[in-house]
Amino acid sequence: ALAANAAGLRSLSLDSASVKGEGALKLAWAAGSLRHLSLPFNPGFDSSAAAALAEALAESACRLESLDLAETKVKDVGVAAIGRALAANRQTRLKHLNVQDTLVAASGVQALADALSAAHAALVTLELRSNQLRDFEVAPLVAAVGGGNSSLRELSLIWNDLGDATARAFAAALPEIASLTELG
């Protein structure tokens, strides 16, 4: 039923649901026609579901502008797939991505940094809080945002394991960061 009606549906919020397996795959298919997809607190939405969603995000016809996967089980592999899809799609419309508390790590952050560095990057808000990220894992993100090509305005890194190295890196990059207005 969802797939049949997906063309008219603009926003779908399934907070704290039990989306997994075949349901997640059908949802990924429908995501191409949605503008906003909110799936926080869905422990069954895992890295394989995120990979299926990434396939939809890689399509030039994908209209998704906002994606909330907070506190799901997409992990580093799933976030990396999403980042690669955003980097590959020259017509990406995704402006807001929330992957807080998803266990993203080095390869996921690197893929997101690559997406932010792409000339066609559309991301305006990136939520990475509560992922236990360390300084070395965030370094590519600092470089991408500090490269002057990023459209990112809001970046949340709070409640991670970041220290002086990240603070120094952002301080050094601040003169080059034209778009960033909120850093937490």
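Calculation criteria
- Residues numbered from 1 in each chain as written.
- Predicted model: local features only at pLDDT ≥ 70, side-chain atom pairs only at ≥ 80, totals over all residues.
- Heavy atoms only, no water.
- Core = buried A, V, L, I, M, F, W, Y, C linked by side-chain atoms within 4.5 Å.
- Buried < 20%, exposed > 50% of the residue type's maximum accessible area, 1.4 Å probe, protein only.
- Helix = DSSP H or I, 4+ residues; strand = E, 2+ residues; numbered from the N terminus.
- Contact = heavy atoms within 4.5 Å.
- pLDDT = per-residue confidence, 0-100.
- Axes fitted to C-alpha atoms, helices over the stretch in contact; angles between N-to-C directions.
- Parallel < 35°, antiparallel > 145°, perpendicular 65-115°, else oblique.
- Nonpolar A, V, L, I, M, F, W, Y, C, P; charged D, E, K, R; others polar.
- Polar contact = N/O pair within 3.5 Å; in protein donor to acceptor, adjacent residues only side chain to side chain.

Student: Describe the nonpolar core, listing the residues and the values that go with them.
Tutor: Of all hydrophobic cores here, the largest spans 47 residues; its most connected members are Leu67, Leu128 and Leu141. Only helix H3 (47-58), helix H4 (75-88), helix H5 (106-117), helix H6 (135-146) and helix H7 (164-173) provide two or more residues apiece to this core. Discounting residues that sit within four places of it in the chain, Leu141 has contacts with Val109, Ala113, Leu116, Leu126, Leu128, Leu155 and Leu157.

Student: Could you give an account of the confidence of the model for the chain, naming the residues involved and the relevant values?
Tutor: For the chain, the mean per-residue pLDDT works out to 87, and 91% of the residues sit at or above 70. Here residues 1-5 scores under 50 on pLDDT; set against residues more than four positions off or in separate chains, the count is five contacts.

Student: I'd like a description of the packing of H3 against H4, backed by residues and values.
Tutor: Orientation of H3 relative to H4, taken along the N-to-C sense of each, is 5°, at an axis distance of 8 Å. Considering the angle they form, H3 stands roughly parallel to H4. Of H4, the residues touching H3 (which contributes Ser47, Ala50, Ala51, Ala54, Leu57 and Ala58) are Val77, Gly78, Ala81, Ile82 and Ala85. Among the residues making up the contact of H3 with H4, the classes are represented as nine nonpolar, two polar and no charged.

Student: Just give me the short version of the side chain of Asp76, but keep the residues and values in it.
Tutor: Assignment of secondary structure puts Asp76 in helix H4. At 2.4 Å, the side chain of Asp76 forms a polar contact with the side chain of Ser107. In contact with Asp76, other than residues within four places in its own chain, are Thr102, Leu103, Val104, Ala105, Ala106, Ser107, Gly108 and Val109.

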